[in-house]
Amino acid sequence: MADSTEQPPDGKPKLAVYKFSGCDGCQLSMLNLEDDLLDLVQAVEVAYFLEARRRELPPPYDIGLVEGSISTPEEEERIFQIRRDCRFLIAIGACATSGGIQALRNWADVEEYTRLVYPNPEYIKALETSTPIAAHVFVDFELRGCPINRNQLLEVVTALLAGRKPVIPTYSLCIECKRLGIPCRLVSSGQPCLGPITQAGCGAICPSMNRACYGCFGPMEMPNIEALGNRFGGLGYTSGETVRMLRSFNGYLEPFKQASDRYEQVDKDG
Amino acid sequence: MNKSTKTADRRTIRVDALARVEGEGGFFLTLRDGKVEEARLEIYEPPRLFESFLRGRDFREVPDLAARICGICPAAHQMSSCQALEKAIGVADRIPPAIRACQDLMYCGQWIESHVLHMFLLHLPDFLGYESGISMAENHKPAVQRALKLKKTGNQILEIVGGRSIHPVGACVGGFYSNPNPARCEELLPALKAGLEDMCDLTMFLAEKVEYPDFEQDYEFVALAPDDEYPMNRGPIASNKGFRVEQENYLDVVEEKHVAHSTALHAVVKGRGPYHVGPLARLNLNAEKLHPRAAELLPKVCKAVGRSIPWPNSFLSLPARALETVHALALAADILENYDPSKPSRIQVEPRAGTGAAATEAPRGVLWHRYETDSEGLITSARIIPPTSQNQAQIEADLRALAEKMSLMDDETLCLRCEQLIRNYDPCISCSAHFLRLHVTR
């Protein structure tokens, strides 16, 4: 990929960072690369990054990082131009890869939601759904997490610059947890841990702080959600509670979505 | 992006997307014959409707959900939501001092991280004539490296208390899932103390070497004002123009209005109008309660900027933030020195029907959360008033005053100064909803 990458006169590849509906946390992860930040801005030309700089260089850009989901008519339009402007488009974080927490509206009546928050809902323009970037344009790589792990971000950018595939594991959090020698929250203390169906990458921070994983890195590759759901049932958790656990930061991402819909049906059927 | 147009008696300058703020937005200013016709801070950040989808969730899920309102001040949203819910389920009085200290420690990390990012990477470039911290680093690399190191110290506090700095996972209703790891606390303490010394130097640098525009306004400052400590997690809400209310009663004195050009609701003091929250408001109402390390700097800073407290000038928010960063570093070091890992990290919480409201001092000002729970602990109503929506009307009033004062300046100068003014408030547009547009018509 490096051979055809268009480079500015000084030879540096151009990086753009975009924000859609989200909390800014994934962009901030980049600024939180405190030890590596000045090296990174030496290696790439930060051509467009509104949160960090006022200067904008014109497109095209070599790498575009997109944070946030598509939740307004304006965003639905804007993402197409961004796709055209960027050689590689990377969706970063749960909002950009799953629709984010604001995708909870996808199960609700948006007009009613808007009326609850705003006295004059007619001023508000929101789509019926909040959806990931890949539901609208082709995305070259999706980096999971709510928020993303800054070291994984560095790995993705480095890999693209080196012309190789990023090394981001898709196995479950349990692997990470076992490697760190953390006692199993599910087996040893009966906590409803989503670790067995959640993708690794966070560093097993919840289990290491004595709490169950809540799935902020989204589903692992090929999760067995039913087996875990049965286990939760055995521990006394209701189907309604399982629905809530699955419907959080990555709730609209398959197969979490499908499973939560199924448990919701079970809950309704009593 | 700036766009300016000019007719015989009217000029328009537009900035569609303001840089170096958290979230997206712009402003719109029209001047006719040197008089401001309209000044608008436009926030069109997509509405994310938190207050709606929090309904029906278990009260124990709320701190993690509320954190996602903002990636820059997630710990602030966690502290306001935890404390509001502790009141709702009736355990607020039972939280022991050790847990309160841990909540303060978390807040120190949040202030340090957020303040240092804003001061040195987002705001200082305006005062020194750079378009970004990245460009500033080309000429002032050691200074930017010092700032990044301090920012990292703030993030490390959050990591010790919460596992990670963005959307930390440690806090819960009733305390924390676990106590900070004592070995990591011990490891951090020397860096924290070194950071404190460094921040004292940087504070004097900001006070002595940076020139602050003369811009005095008749502000109503609003902040928490506890009796015996600098505000963070506790205290009634007070104003320099006379009100002082318990946190539960905030809506007796302020109200929110919905205007067409904003997805953030505008807050005003009832019967009066715009008000100012944030570091400057906290300092002006609580200067005598600063940690001794920050208090000893205060007279020197006042002398350097040529004004004793109160500072009714929003540009002085920069040295106010610096003093607060000194305060937070010193307080965090005190808490870590007295830390006893054998104390329980949390108290037992059970569902109960109730109502609770709490305000804490987010880096950008008063952050108020209110919840109602049912007997099963599910949320039946949620209300969140973030600092930036409270400052929005004040920012517009400031823009108006500034533009009138500077109406003879060329477009580029006026535009830059307006942006700098908006950044005085460190607007956090994700919190308030999002999308700020800067248009100037004159």
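All values derive from a computational prediction rather than experimental measurement.

Draft legend 1. Highlighting the overall build of chain A. Each helix and strand counted, chain A has twelve helices and five strands in total. Taking the principal axes of the C-alpha coordinates as reference, chain A spans close to 65 × 50 × 30 Å. With 270 residues in all, chain A has 52% of them scored as buried. Counting contacts in chain A only where the partners sit at least 6 residues apart, residues at least 24 apart contribute 72% of the total.

Draft legend 2. Local environment of the domain arrangement of chain A. Residues and elements named next belong to chain A. The domain architecture assigned to chain A consists of domain 1 (2-162) and domain 2 (173-269). Inter-centroid distance (C-alpha atoms) of domain 1 to domain 2 is 27 Å. Across the boundary between the two partners, domain 1 contributes 14 residues, which contact 13 residues of domain 2. Sorting elements by how many residues they give to the side of domain 1 that touches domain 2 places helix α4 (residues 94-98) first, with three residues.

Draft legend 3. Seen up close, the packing of helix α3 (residues 74-88) of chain B against helix α4 (residues 97-128) of chain B. All names here are of chain B. Where α3 contacts α4, the axes come no closer than 9 Å and their chain directions differ by 150°. The angle between α3 and α4 falls in the class roughly antiparallel. Once α3 is placed against α4, the crossing between them reads as left-handed. On α4, the residues touching Ala 75, Ala 76 and Met 79 of α3 are Gln 103, Met 106, Tyr 107, Gly 109 and Gln 110.

Draft legend 4. Structural view of the sheet that holds strand β9 (residues 244-245) of chain B. Residues and elements named next belong to chain B. Spatial ordering of the open sheet is given by β7-β8-β9, a layout of three strands whose pairing is antiparallel. Strand pairing shows two members of the sheet lacking a second neighbour, β7 (222-224) and β9, which therefore form its edges. Here two bridges tie strand β8 (residues 237-239) to β9, and the two strands are oriented antiparallel to one another. Note that in β9 the partner of Ile 237 across the bridge is Val 245. On the sheet, helix α9 (residues 279-286) packs against β7 and β8 and is oriented at approximately 70° with respect to β7.

Draft legend 5. Up close: the interface of chain A and chain B. At the junction of the two partners, chain A supplies 49 residues and chain B supplies 48 residues. Broken down by secondary-structure element, the contributors of at least two residues to the side of chain A that touches chain B are α1 (25-31), α2 (34-43), α5 (110-117) and α9 (205-208) of chain A. Ranked by the residues each element gives to the side of chain A that touches chain B, the list is headed by α1(A), at five residues. The residue makeup of the side of chain A that touches chain B, split by class, is 27 nonpolar, eleven polar and eleven charged.

Draft legend 6. Representation of the sheet that holds strand β12 (residues 354-362) of chain B. Residue and element names in this part refer to chain B. Strand order in the open sheet formed by three strands is β12-β13-β14, with antiparallel pairing between adjacent strands. Two strands close off the open sheet at either side, each with one partner strand: β12 and β14 (379-385). On average, each strand axis in the sheet is tilted by 15° relative to the strand beside it, whichever way the strands run. With six bridges joining them, strand β13 (residues 365-373) and β14 adopt antiparallel strand pairing. Within the sheet, the bridge partner assigned to Arg 370 lies in β14 and is Arg 383. Lying over the sheet, α3 contacts β12 and β13, oriented at roughly 150° with respect to β12. Lying over the sheet, helix α12 (residues 387-405) contacts β12, β13 and β14, oriented at roughly 130° with respect to β13.

Draft legend 7. Quick look at helix α11 (residues 239-246) of chain A. Among the residues of α11(A), those classed as buried are A:Thr242, A:Val243, A:Met245 and A:Leu246. Buried residues of α11(A), viewed axially, fall in a sector of 165°; they line one side.

Draft legend 8. Region of interest: the pairing of strand β4 (residues 86-92) of chain A. All names here are of chain A. By the criterion of burial, β4 is predominantly enclosed, with five of the seven residues buried. Alignment of strand β3 (residues 61-67) against β4, held across six bridges, turns out to be parallel. Counted as the bridge partner of Leu 65 is Ile 90 from β4. After leaving β3, the chain enters helix α3 (residues 73-85) and then returns to the sheet as β4, a path that is right-handed. Relative to strand β5 (residues 141-143), β4 runs parallel, the two sharing three bridges. By the bridge assignment for β5, Ile 92 is matched with Leu 143.

Draft legend 9. Just the nonpolar core, in detail. In terms of nonpolar packing, the biggest core is built from 218 residues, with A:Val66, A:Ile92, B:Val326, B:Leu329, B:Ala332, B:Leu399 and B:Cys418 touching the most fellow members. No fewer than three residues from each of domain 1 (2-162) and domain 2 (173-269) of chain A sit in this core. Among all residues touching A:Ile92, those that are not within four sequence positions of it are A:Cys26, A:Leu65, A:Val66, A:Glu67, A:Leu143, A:Ile148 and A:Leu153.

Draft legend 10. Just helix α11 (residues 317-337) of chain B, in detail. Helix length check: α11(B) (21 residues) gives 30 Å between terminal C-alpha atoms against 30 Å at 1.5 Å per residue, within 8%. Counting buried residues in α11(B) gives 19 out of 21 residues, a clear majority hidden from the surface.

Draft legend 11. Spatial organisation of unusual backbone geometry. All names here are of chain A. Residue Pro 60 is reached from Pro 59 by a cis peptide bond, and omega for that bond is 10°. The residue Ala 204 is not glycine, and still its phi comes out positive at about 55°. Although it is not a glycine, Met 222 adopts a positive phi angle of roughly 55°. Within the secondary structure layout, Met 222 lies in the loop between α9 and α10 (225-234).

Draft legend 12. Main features of the environment of B:Asp426. Summarising the element assignment, B:Asp426 is placed in the loop between α13 (411-424) and α14 (429-432). With 224 residues separating them in the primary sequence, B:Asp426 and B:Leu202 have C-alpha atoms 19 Å apart.

Draft legend 13. Region of interest: the packing of helix α7 (residues 182-209) of chain B against helix α10 (residues 292-305) of chain B. Residues and elements named next belong to chain B. In contact at an axis separation of 9 Å, α7 and α10 are set at 15° when each is read in the N-to-C sense. When the axes of α7 and α10 are compared, the pair comes out roughly parallel. Of the two elements, α7 crosses α10, and the hand of that crossing is right-handed. Every residue of α10 that contacts α7 at Leu 196, Cys 200, Thr 203, Met 204, Ala 207 and Glu 208 is listed here: Arg 293, Leu 297, Lys 300, Val 301, Ala 304 and Val 305.

Each value, and the rule that gives it
Residues numbered from 1 in each chain as written. Chains lettered and ligands numbered in written order. Predicted model: local features only at pLDDT ≥ 70, side-chain atom pairs only at ≥ 80, totals over all residues. Helix = DSSP H or I, 4+ residues; strand = E, 2+ residues; numbered from the N terminus. Buried ≥ 20, exposed ≤ 12 C-beta atoms within 10 Å, placed from the backbone. Contact = placed C-beta atoms within 7 Å. Domains from an automatic or database assignment. Axes fitted to C-alpha atoms, helices over the stretch in contact; angles between N-to-C directions. Parallel < 35°, antiparallel > 145°, perpendicular 65-115°, else oblique. Left-handed = near helix turned anticlockwise from the far one by under 90°. Pairing = 2+ DSSP bridges. Nonpolar A, V, L, I, M, F, W, Y, C, P; charged D, E, K, R; others polar. Arc of directions from axis to C-beta. Right-handed = clockwise from strand over helix to strand, strands pointing away. Core = buried A, V, L, I, M, F, W, Y, C linked by C-beta atoms within 7 Å. Expected span 1.5 Å × (residues − 1).

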